[in-house]
Amino acid sequence: MKRKTLSLIAIMASMLITGCGNDKTSSSNKNSNGGNHNGSEVDTNAPEGYHSVLTTDAPEARGVPSDMGLEARKIYNSAFSTNPNTFDYLANNKQTNSEYYANFVDNLLEHDQYGQIRGALAKGAYYKDDFTRLRFKLREGVKWVDSGGNEYAEVTAQDFATGLQHLLDAKGGAETLAYYISGAKDYADGLCDFGDVGFRIINESKYEFEYILEEPCPFFHTFFEYTSFLPLNRDFFESYGGGLGTEWDPGSCDFGKVTENYTILYCGPFILSSFEENTELSMRKNPAYWDIGNVQIDEVNYVYANGWTADDT
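Description of the structure in this document. (Residues numbered from 1 in each chain as written. Predicted model: local features only at pLDDT ≥ 70, side-chain atom pairs only at ≥ 80, totals over all residues. Heavy atoms only, no water.)

Before going further, it helps to spend a moment on unusual backbone geometry. Keep in mind that most residues, glycine aside, have a negative phi and that most peptide bonds are trans. Of note, Lys171 is a non-glycine position whose phi angle comes to about 50 degrees, a positive value. Turning to its location among the elements, Lys171 is positioned in the loop between α3 (157-170) and α4 (184-188). At Glu204, a residue that is not glycine, the phi angle is positive and equals roughly 60 degrees. Tracing the chain through its elements places Glu204 in the loop between β9 (199-201) and β10 (208-212). (Helix = DSSP H or I, 4+ residues; strand = E, 2+ residues; numbered from the N terminus.)

Take a look at the structure:
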């Protein structure tokens, strides 16, 4: 079976702005936005026959110490030289797109600044003892919001099933990590139905689901920061012409248009404010973000600077 490892650049870009790097507060110094949820909401109570991936021994400080005067640093300014061409985050794996949408949609797990894996949308992650299944328990009450910050729906287990199917339908380059899942490669090749793919919602739960693997794979959880496993709200996706299975037609789908920020939903720390090709891209903090207490930046602005050097001033 072919294996492909995706670039870590998008994750590093995300860490600069949001979750795991130097722009989050100390977990011991909660601010008025609600403080650190990520370190305190870990569920290590594994089901029988499973063991937990996550631990509760997180270092006390997850980001910049609170006494460094972050109050004065609310805007992050940078530059870009290549235009993003889609924010359909499951249909491509280009770093020039993912460095932005990594801030729009959260994944199940993340690395902290110490290199340890922590829960993001997942508050629990458990391997079957023989490493043939990986089960997740979602945080409850995490919201999808639209471009105006208005709540659209709750993030549920079904969103990860929809995301996986669209990933395999689109074949944009990020799907090869999903080939560790039973039946995923056959489905992508048109040899079986999606119901034969190893994804199961547990007891019709909104919050628990698992991936069934082709073979024992004790490192499968390390893939869950990549764009291959982001959630997708089916109703919203279909409202912009998206379809699943044989109904997937990129030519008639407006989901993820880069110039129209209302064509995706957001469950990550930032919302796209605007994008103009060869000019600027800006994003603002998501007011409904589940971990908003750890987002120190209110606004992010990029200006187009292709070929600019200091000698041009």
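Turning to the environment of Leu244, a few remarks are in order. Note on placement: Leu244 falls in the loop between α5 (234-239) and β11 (270-276). Expressed as a C-alpha distance, the spacing of Leu244 and Phe194, which sit 50 residues apart in the sequence, is 9.6 Å. Once residues lying within four places of it in the same chain are set aside, the contact partners of Leu244 are Thr162, Gln165, His166, Asp169, Arg234 and Phe237. (Contact = heavy atoms within 4.5 Å.)

With respect to topology, five strands assemble into an open sheet ordered β1-β5-β6-β10-β9, the strand pairing being antiparallel. Whereas interior strands pair on both sides, the edge strands pair on one side only; in this sheet they are β1 (50-52) and β9. Each neighbouring strand pair of the sheet contributes to a mean axis angle of 25 degrees, computed without reference to strand direction. Across five bridges, strand β5 (residues 122-128) lies against strand β6 (residues 133-138) in antiparallel orientation. Within the sheet, the bridge partner assigned to Ala122 lies in β6 and is Leu138. Docked against the sheet, α3 engages β6, β9 and β10, running at close to 160 degrees with respect to β9. (Pairing = 2+ DSSP bridges. Axes fitted to C-alpha atoms, helices over the stretch in contact; angles between N-to-C directions.)

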